[in-house]
Amino acid sequence: MTESDWFECVSPESMLDHLGKQATARKKRLFACACVRRIGPLLTDPRLHDLVELAERSADERIPTKQMQQARLLASLLCEQRVEEETRQPNWMTRAARAAAQAVEALLPVKGPILQTPRDVREQPDVVSATRMARTTARAIEAQREERLGEPTSSQRGLEALDAVELVREIFGNPFHPVKVDPAWLAWNDRTIPKMARVIYDERRFQDLLVLADALEEAGCTDRDILTHCRLPMAHVRGCWVVDALLGMQ
């Protein structure tokens, strides 16, 4: 894969394959969680949201084995319930709910999230395929409602378009030009830059990336890739390559 291929690629699986060992377990888990967060409105059971939070936390901290076992058992149970609902009443809504629950379940295996395309239809779906299926069915639900009501509905508008390749680039950046952080930026103004990055990361204040870009410029940063990424009009996620670089996280 060339640098041009990286920015034109439409297959997140191919991009992750190219990264190989450059894609750390932490980064891959945050990527998987970011995919599932994009279909948050389809996780109608609050416990599914709790499981996503737990999976994301496990990227940065060690979760007790017993707690993770209980989480996996709960995810499996909730998936079984969604499969039963779809069997009893097969429609777009139950299909979307089932796919969304399977995406959550795929976050929690012992060795990390399932990010490889299943070899067989009997295997558990990977995070990306499950979220894509959930998103597709959600769009179908919305189309049906609009057709029936004769006007646009807002019930599914909270679902952001799922573009997993953009999430790969958001989290892993450009592997052909690894970012270099100047220690002087970090030391500037009593370490203001890393303090801001930490708040953005911990509190999900990604809207503050615009302010961070201004502060970086004041600190002497002229790296166009860093400054442009901070100012992109997109939904940044935990694991953003700029924030991670400033915090020294892999």
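The structure contained in this document is the topic of the report that follows. (Residues numbered from 1 in each chain as written. Predicted model: local features only at pLDDT ≥ 70, side-chain atom pairs only at ≥ 80, totals over all residues. Heavy atoms only, no water.)

## A closer look at the layout of surface pockets
Part 1 of the argument: As a volume, the largest pocket reaches approximately 700 Å³.
Part 2 of the argument: What lines the largest pocket is a set of 31 residues, among which Phe-172, Gly-173, Asn-174, Val-179 and Trp-241 lie closest to the centre.
Part 3 of the argument: Looking at which element gives the most residues to the lining of the largest pocket, the answer is helix α8 (residues 164-172), with 5 residues.
Part 4 of the argument: Size it by volume and the second largest pocket reaches roughly 320 Å³. (1 Å grid on protein atoms, 1.4 Å probe; cavity = no way out; pocket = protein on both sides within 12 Å on 5 of 7 lines; lining within 4 Å. Points joined across faces, edges and corners; volume = space filled by probe spheres on them. Helix = DSSP H or I, 4+ residues; strand = E, 2+ residues; numbered from the N terminus.)

## Remarks on the packing of helix α5 (residues 65-88) against helix α6 (residues 92-105)
Part 1 of the argument: Packing of α5 against α6 leaves a shortest axis separation of 9 Å and a crossing angle of 165°. The angle between α5 and α6 places the two elements in the roughly antiparallel class. For the crossing formed where α5 meets α6, the hand is left-handed. Of the residues in α6, those touching α5 at Ala-75, Ser-76, Cys-79, Arg-82, Val-83, Glu-85 and Glu-86 are Thr-94, Arg-95, Ala-97, Arg-98, Ala-101, Gln-102 and Glu-105.
Part 2 of the argument: Looking at the contact of α5 with α6, its residues break down into 5 nonpolar, 3 polar and 6 charged. (Axes fitted to C-alpha atoms, helices over the stretch in contact; angles between N-to-C directions. Parallel < 35°, antiparallel > 145°, perpendicular 65-115°, else oblique. Left-handed = near helix turned anticlockwise from the far one by under 90°. Contact = heavy atoms within 4.5 Å. Nonpolar A, V, L, I, M, F, W, Y, C, P; charged D, E, K, R; others polar.)

## Section: unusual backbone geometry
Part 1 of the argument: At Asn-189, a residue that is not glycine, the phi angle is positive and equals roughly 50°.
Part 2 of the argument: By the secondary structure assignment, Asn-189 is in helix α9 (residues 183-203).
Part 3 of the argument: Residue class for Asn-189 comes out partly exposed when judged on its relative accessible area of 49%.
Part 4 of the argument: Here Asp-190, not a glycine, exhibits a phi torsion of approximately 60°, which is positive.
Part 5 of the argument: For Asp-190, the location among the structural elements is in helix α9. (Buried < 20%, exposed > 50% of the residue type's maximum accessible area, 1.4 Å probe, protein only.)

## Focus on the environment of Thr-2
Part 1 of the argument: The topology assignment puts Thr-2 in the segment before α1 (3-8).
Part 2 of the argument: Residue Thr-2 is classed as partly exposed on the basis of its relative accessible area of 42%.
Part 3 of the argument: Measuring from C-alpha to C-alpha, the distance between Thr-2 and His-18 comes to 9.8 Å, with 16 residues separating the pair along the chain.

## A few points about the pattern of salt bridges
Part 1 of the argument: For the coordinates displayed, the defined rule picks out 19 salt bridges.
Part 2 of the argument: Two residues, Arg-26 and Asp-244, come together in a salt bridge whose shortest N-O distance is 2.8 Å. In this pair, Arg-26 is assigned in helix α3 (residues 25-37) and Asp-244 in helix α12 (residues 241-247), connecting sequence segments 218 residues apart.
Part 3 of the argument: Overall, Asp-244 belongs to the buried group, its relative accessible area being 1%.
Part 4 of the argument: Across the salt bridge formed by Arg-37 and Glu-53, the nearest N and O atoms sit 3.1 Å from each other. Here Glu-53 lies in helix α4 (residues 46-57) and Arg-37 lies in helix α3, a separation of 16 residues in the sequence.
Part 5 of the argument: Look at Arg-37 and you get partly exposed, because its relative accessible area is 31%.
Part 6 of the argument: Judged by its relative accessible area of 38%, Glu-53 is partly exposed. (Salt bridge = Lys/Arg side-chain N within 4 Å of Asp/Glu carboxyl O.)

## With respect to the environment of Val-128
Part 1 of the argument: By the secondary structure assignment, Val-128 is in helix α7 (residues 127-149).
Part 2 of the argument: In contact with Val-128, other than residues within four places in its own chain, are Pro-12, Glu-13, Phe-31, Cys-35 and Ala-164.

## Focus on α9
Part 1 of the argument: With 21 residues, α9 should reach 30 Å at 1.5 Å per residue; the first-to-last C-alpha distance of 24 Å falls well below that figure.
Part 2 of the argument: Of all the bends in α9, the greatest measures close to 120° and is centred on Asn-189.
Part 3 of the argument: Within the span of α9, buried status applies to Trp-185, Leu-186, Ile-193, Pro-194, Met-196, Ala-197, Ile-200 and Tyr-201.
Part 4 of the argument: Buried positions along α9 lie against α3, α10 (209-218), α11 (224-230) and α12.
Part 5 of the argument: Where α9 begins, one side-chain oxygen reaches toward the backbone nitrogen of Ala-184, 2.8 Å away; that side chain belongs to Asp-182.
Part 6 of the argument: Of the residues trailing α9, Arg-204 is marked for its positive phi of about 60°. (Expected span 1.5 Å × (residues − 1). Bend = angle between axes of the 7 residues up to and from the residue. Polar contact = N/O pair within 3.5 Å; in protein donor to acceptor, adjacent residues only side chain to side chain.)

## Focus: the state of the cysteines
Part 1 of the argument: One pass over the structure, following the stated rule, counts 0 disulfides.
Part 2 of the argument: With no disulfide of its own, Cys-9 lies closest to Cys-35 among cysteine sulfurs, the gap being 14 Å.
Part 3 of the argument: Assessed through its relative accessible area of 14%, Cys-9 is described here as buried.
Part 4 of the argument: Here Cys-240 is not cross-linked by a disulfide; its sulfur's nearest cysteine counterpart is in Cys-230, at 6.4 Å. (Disulfide = S-S within 2.5 Å.)

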